[in-house]
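Structural overview
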Amino acid sequence: MKIVTIIGARPQIIKAAALSRAIKTHYANKIQEIIVHTGQHYDDNMSAVFFDELGIPRPDYNLHVGSASHGVQTARMTEGIEGILLKEQPDFIVLYGDTNSTLAGAVAAAKIHIPIAHVEAGLRSFNKAMPEEINRIVCDHCSTLLFSPTQAGVENLQREGFALINEPPYTIDNPKVYHCGDIMYDNSLHFAEIAETKTNIINKLGLKDRPFILATIHRDTNTDYPERLDAIFSALLTLSEQYHVVLPLHPRTNKLLKTNLEAAKQEQLFSSPNISIIPPVSFLEMIALERHARLVMTDSGGVQKEAYFFKKPCIILRPETEWIEIVQTGNAILADANESRIMQAWQHFNDNPPTKFPEIFGDSHAAEFILNEMLQQEM
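Summarised in this report is the structure supplied together with it.

Some points on the overall build of the protein
- Across its full length, the protein holds 17 helices and 13 strands.
- For a compact globule of 379 residues, the expected C-alpha radius of gyration is about 21 Å, and the protein comes in at 20 Å, within 12% of that figure.
- The principal-axis extent of the C-alpha atoms belonging to the protein is close to 60 × 40 × 40 Å.
- Per element, the accessible surface of the protein, about 15800 Å² overall, is 50% carbon and sulfur.
- With 33 positive and 46 negative side-chain charges, the protein shows a spacing of 2 Å between the two charge centroids.

Shown next, in the form of structure tokens:
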């Protein structure tokens with residue numbers, strides 16, 4: 001079986017590692033994987049180092065699309081992906097998550113009748129102002145095999161009209177929905193111990209035996225609005241009076257801090273001895289930081305989950321989340337970009353550290369399950 005895997009952003013590179021590893025370990029004689037990097041996001045810190053660190057095969061194709069408006073970027077990727085699919089004629093295209101690369105792959109494949117396997121199907125924030133929400137919905141409705149990491153994702157699909165009792169052969173008009181667990185859980189467990197020996201970030205930052213908060217901020221809904229950015233960083237500055245804060249600074253946030261955060265607050269932020277502002281970190285370094293943090297604050301969907309994997313409370317800097325289960329279990333709080341709510345969430349977790357983290361993300365063998373189900377379609 002030949003599959004084409006589409007990646008375009010850092011989280012997708014990480015997710016693809018789980019599938020590539022499972023192919024190499026269990027299906028090397030049965031599955032040929034062609035990797036296409038759209039170039040949606042690409043620089044050495046945010047992409048290239050991940051291939052080396054995670055042992056992912058280098059892409060067979062790189063479209064070098066780069067940054068542009070949603071329409072321009074998606075159009076360029078759709079054109080490039082279509083050409084590759086026509087040349088390679090794969091049995092499946094594998095799409096991850098909810099980026100513009102996902103959308104482009106879905107449109108390109110569906111229109112030339114290449115079956116789509118969507119990993120992370122069914123996730124919904126119920127906020128269509130987010131580009132990611134549009135991308136998810138379109139991809140799901142173009143897919144033949146929909147692999148949902150959670151039961152909530154399955155239920156979302158059912159509400160949208162997907163039948164859970166379809167019989168093979170599966171097609172775009174007769175798709176199959178699976179509850180398969182989360183491939184990021186596969187990755188986190190696999191790389192957790194490796195991270196302890198392959199990275200030195202905890203010692204390098206002087207964090208050994210020192211409680212700290214890990215914070216990540218990158219979404220345009222936070223970085224592009226001065227009042228929201230101000231609320232988040234005001235809370236971080238207050239928290240830094242009690243605990244050390246580690247902030248791997250996303251390039252987008254770094255750029256917009258200079259224009260969207262008042263000068264006095266910037267001075268406080270960059271001069272504080274209790275705040276470590278560092279460049280973007282590798283996946284292994286991120287895992288090490290997540291494992292050792294006291295608490296995580298983030299607007300990233302992936303980091304929310306990873307905090308849960310490592311049994312850390314999480315303050316979500318968004319008004320909603322597609323990972324609603326971690327909120328329902330009491331291990332995360334939606335605080336949005338609201339200084340008062342962020343501080344209340346911090347106080348809650350400081351007084352009542354969570355102790356129960358139900359196994360809601362599968363058994364750490366999601367990649368094998370996905371590949372096996374794809375192979376079954378070829379029999």
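Digging into the sheet that holds strand β4 (residues 92–96)
- Spatially, seven strands are ordered β3-β2-β1-β4-β5-β6-β7 in an open sheet, and the strand pairing comes out parallel. Looking along the sheet, the strands with just one partner apiece sit at the ends: β3 (61–62) and β7 (176–179).
- Where β4 lies against strand β5 (residues 116–119), four bridges are found, and the strand directions are parallel. Each residue of the ladder has a partner; that of Tyr96, found in β5, is Val119.
- Against the sheet, helix α17 (residues 366–377) touches β1 (2–7), β4, β5, β6 (145–148) and β7, its axis set at about 165° to β6.

Description of unusual backbone geometry
- Pro168 connects to Pro169 through a cis peptide bond whose omega is 5°.
- Tracing the chain through its elements places Pro169 in the loop between α6 (151–159) and β7.

What about the nonpolar core?
- Membership of the largest hydrophobic core comes to 69 residues, with the highest contact counts inside it found for Leu289 and Met374.
- Residue contributions to this core peak at eight residues, all from helix α1 (residues 10–26).
- Setting aside residues up to four positions removed in sequence, Met374 forms contacts with Met1, Ile3, Phe92, Val94, Ala117, Leu145 and Phe147.
- Membership of the second largest hydrophobic core comes to 29 residues, among which are Ile213, Ile217, Tyr243 and Leu261.

Looking at the packing of aromatic side chains
- Summed over the entire model, instances satisfying the criterion amount to nine aromatic pairs.
- Centre to centre, the rings of Tyr308 and Phe361 are 5.6 Å apart; their planes meet at 70°, and the pair counts as edge-to-face. With Tyr308 in helix α14 (residues 301–309) and Phe361 in the loop between α16 (339–351) and α17, this residue pair connects regions lying 53 residues apart in the sequence. With respect to class, Tyr308 is no different from Phe361; both count as buried.
- Ring geometry for Phe309 against Phe361: centres 5.4 Å apart, planes inclined by 85°, an arrangement best described as edge-to-face.

Some words on the sheet that holds strand β10 (residues 275–278)
- With respect to topology, six strands assemble into an open sheet ordered β10-β9-β8-β11-β12-β13, the strand pairing being parallel. Each of the sheet's edge strands pairs with one partner strand only, and the pair in question is β10 and β13 (332–334). Strand-to-strand twist in this sheet, taken as the mean axis angle between neighbours without regard to direction, amounts to 15°.
- Pairing geometry for strand β11 (residues 295–298) and strand β12 (residues 314–316), over three bridges, is parallel. Bridged to Val296 within β12 is Cys314.

Some thoughts on helix α5 (residues 131–142)
- Over its twelve residues, α5 extends 17 Å from the first C-alpha to the last, a length consistent with the 16 Å expected when each residue adds 1.5 Å.
- Taken together, the buried positions of α5 are Glu133, Asn135, Arg136, Cys139, Asp140 and Cys142.
- Each element contacted by the buried residues of α5 is listed here: β4, α4 (100–111), β5, β6 and α6.

A few points about the packing of α4 against α5
- Two elements in contact, α4 and α5, have axes whose closest approach is 9 Å; the angle formed by their N-to-C orientations is 25°. One finds that α4 runs roughly parallel with respect to α5. The element α4 and its partner α5 pack so that their crossing is left-handed. Across the interface between the two elements, Asn100, Thr102, Leu103, Ala106 and Ala110 from α4 touch Asn135, Val138, Cys139 and Cys142 from α5.

Looking at the environment of Phe126
- Here Phe126 is to be found in the loop between β5 and α5.
- Apart from residues no more than four positions distant in its own chain, Phe126 is found in contact with Glu133, Asn156 and Arg159.

Structural notes on the packing of helix α10 (residues 226–239) against helix α12 (residues 263–271)
- Where α10 meets α12, the closest approach of the two axes is 11 Å, and the angle between their N-to-C directions is 40°. Taken as axis vectors, α10 and α12 run oblique relative to one another. The handedness of the crossing between α10 and α12 comes out as left-handed. Listed contacts from α12 to Asp230, Phe233, Ser234 and Leu237 of α10 are Lys265, Gln268 and Leu269.
- Here the contact of α10 with α12 is composed, by residue class, of three nonpolar, two polar and two charged.

Focus: the pattern of salt bridges
- On inspection of all chains with the given rule, the structure shows 17 salt bridges.
- A salt bridge links Lys305 to Glu120; the nearest nitrogen and oxygen atoms lie 3.2 Å apart. On the criterion of sequence distance, the pair formed by Lys305 in helix α14 and Glu120 in the loop between β5 and α5 is long-range, its members being 185 residues apart. Comparing Lys305 with Glu120, the two get one shared label, buried.

Rules of the game
- Residues numbered from 1 in each chain as written.
- Predicted model: local features only at pLDDT ≥ 70, side-chain atom pairs only at ≥ 80, totals over all residues.
- Heavy atoms only, no water.
- Helix = DSSP H or I, 4+ residues; strand = E, 2+ residues; numbered from the N terminus.
- Rg over C-alpha atoms; globule rule 2.2 N^0.38 Å.
- Areas by Shrake-Rupley, 256 points an atom, 1.4 Å probe, with all protein chains shown as cover.
- Lys, Arg positive; Asp, Glu negative; His and termini not counted.
- Charge placed at Lys NZ, Arg CZ, Asp CG, Glu CD.
- Pairing = 2+ DSSP bridges.
- Contact = heavy atoms within 4.5 Å.
- Axes fitted to C-alpha atoms, helices over the stretch in contact; angles between N-to-C directions.
- Core = buried A, V, L, I, M, F, W, Y, C linked by side-chain atoms within 4.5 Å.
- Buried < 20%, exposed > 50% of the residue type's maximum accessible area, 1.4 Å probe, protein only.
- Phe/Tyr/Trp six-rings, centres within 6.5 Å; stacked < 30°, edge-to-face > 60°.
- Expected span 1.5 Å × (residues − 1).
- Parallel < 35°, antiparallel > 145°, perpendicular 65-115°, else oblique.
- Left-handed = near helix turned anticlockwise from the far one by under 90°.
- Nonpolar A, V, L, I, M, F, W, Y, C, P; charged D, E, K, R; others polar.
- Salt bridge = Lys/Arg side-chain N within 4 Å of Asp/Glu carboxyl O.

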